[in-house]
Amino acid sequence: MMDIKRAINSYNTTFGVEFHPKAVLFDMDGVLYDSMPRHAIAWQKSMAQFGIHMTAHDVYATEGARGFDTVKMLVKRQKGTDISDEKAKAMYEVKSNIFHAMPEAPIFDGVKELMQRITDAGLSVNVVTGSAQKPLIARLTHDFGQWLAPDHITTAYDVDRGKPDPDPYLTGLRRAGGLKPWQGIVVENAPLGIHAGVAAGCFTIAVNSGPLPDSDLLVEKPNLLYQKMTELLGDWERIIGS
Ligand code: MG
């Protein structure tokens with residue numbers, strides 16, 4: 001209990017604000033869906049077709065960035081050349097196609113219960129994802145439509161600069177009803193996404209659902225860190241009630 005109080009006090013002091021949450025902004029992959037292992041396979045298989053080697057660590061370390069930005073970075077790093085957005089988008093399309101041919105990723109335990117409690121507490125549920133995959137976005141409204149309004153979803157299509165820039169979360173706050181950063185809680189699993197949430201000035205909760213060490217997430221200075229969504233669910237009332 002002390003840790004949560006301390007985390008909120010520290011947030012208020014750091015940003016010179018008073019935490020007063022009205023919305024939760026969830027990342028999608030690795031937070032709502034246990035989809036990252038499938039993404040890792042799809043990334044590795046697709047990039048291999050273009051002579052690009054990608055480790056599982058590369059996949060997790062670049063998670064949250066817009067897909068075609070990751071492609072451009074990999075080509076630059078391994079081939080030393082700059083490619084056009086169009087070329088990168090075509091390569092990312094190969095990755096998307098492999099991903100969608102795989103079985104659907106399960107929803108993490110605790111997610112739906114958490115959305116219900118968020119709604120019960122009078123806060124809104126929002127999703128902010130670097131994904132530009134239309135089928136997954138349609139799946140969001142199918143799976144979570146009870147709590148999540150379609151206009152509370154922000155995707156790679158909606159911003160010029162993806163995570164780690166703050167733009168996706170700032171856009172998410174705007175869509176949540178023109179909220180200020182201290183009125184939003186960001187929930188993220190990836191270093192670039194945590195960076196984006198903190199850069200937007202939001203109280204940022206990390207959930208380390210993947211294989212990266214906690215230190216890779218903590219270096220981005222999240223306000224709280226959990227290992228599972230069910231642990232976050234267990235602390236939920238204390239986070240918003242304090
Ligand atoms: Mg994620």
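Definitions and cut-offs
Residues numbered from 1 in each chain as written. Predicted model: local features only at pLDDT ≥ 70, side-chain atom pairs only at ≥ 80, totals over all residues. Heavy atoms only, no water. Helix = DSSP H or I, 4+ residues; strand = E, 2+ residues; numbered from the N terminus. Buried < 20%, exposed > 50% of the residue type's maximum accessible area, 1.4 Å probe, protein only. Contact = heavy atoms within 4.5 Å. Core = buried A, V, L, I, M, F, W, Y, C linked by side-chain atoms within 4.5 Å. Salt bridge = Lys/Arg side-chain N within 4 Å of Asp/Glu carboxyl O. Phe/Tyr/Trp six-rings, centres within 6.5 Å; stacked < 30°, edge-to-face > 60°. Lys NZ or Arg CZ within 6 Å of the ring centre and 35° of its normal. Expected span 1.5 Å × (residues − 1).

Turning our attention to the side chain of Ser124. Along the polypeptide, Ser124 turns up in strand β2 (residues 124–128). For Ser124, a relative accessible area of 17% puts it in the buried group. Among residues more than four places away in sequence, those in contact with Ser124 are Lys22, Ala23, Val24, Ile118, His152 and Ala176.

A separate point is the nonpolar core. Judged by nonpolar contacts, the single largest core of 43 residues is most densely connected at Phe26, Leu32, Phe203 and Met229. For this core, the element with the highest residue contribution is helix α11 (residues 229–241), accounting for 5 residues. Discounting residues that sit within four places of it in the chain, Met229 has contacts with Phe26, Val31, Phe108, Asp109, Val111, Leu114, Val187 and Val207.

For the bond running from Lys163 to Pro164, omega is 15 degrees, close enough to zero to count as cis. With respect to the helices and strands, the residue Pro164 is situated in the loop between β3 (148–154) and α8 (167–175). At Lys221, a residue that is not glycine, the phi angle is positive and equals roughly 65 degrees.

This next bit is on the pattern of salt bridges. Tallied over the full model, the rule gives 14 salt bridges. Notably, a salt bridge pairs Asp69 with Arg66, separated by 3.0 Å at the nearest N-O pair. On the basis of relative accessibility, which here comes to 11%, the residue Arg66 falls in the buried class. Each of Asp27, Lys163 and Glu188 takes part in salt bridges that share partners, so that together they form one network.

With that settled, consider the packing of aromatic side chains. Scanning the model with the defined rule gives 6 aromatic pairs in all. Ring centres 5.7 Å apart and planes at 40 degrees place the aromatic pair Tyr33 and Phe144 in the tilted group. Taken together, the residues span a long stretch of sequence, with Tyr33 in the loop between β1 (23–26) and α2 (36–48) and Phe144 in helix α7 (residues 134–144) at a distance of 111 residues. Given the relative accessible area of 1%, Tyr33 is considered buried. A relative accessible area of 0% places Phe144 in the buried class. Between Trp43 and Tyr92 the ring centres are 5.8 Å apart and the planes differ by 40 degrees, which places this aromatic pair in the tilted class. Separated by 49 residues along the polypeptide, Trp43 in helix α2 and Tyr92 in helix α5 (residues 85–100) bring together distant segments of the chain. Residue classification places Trp43 among the buried residues on the basis of a relative accessible area of 8%. Tyr92 sits in the buried class, given a relative accessible area of 9%. Above the plane of the ring of Phe68 lies Lys89, whose end atom (NZ or CZ) is 4.7 Å from the centre. Above the ring of Phe99, the side-chain terminus of Lys95 is found at 5.2 Å from the ring centroid.

Taking 1.5 Å per residue as the helical rise, α11 with its 13 residues ought to reach 18 Å, and the 18 Å between its terminal C-alpha atoms agrees with that figure. All of the buried residues along α11 are Met229, Leu232, Leu233, Asp235, Trp236 and Ile239.

Spatial relationships are all this shows, so hold off on functional conclusions.
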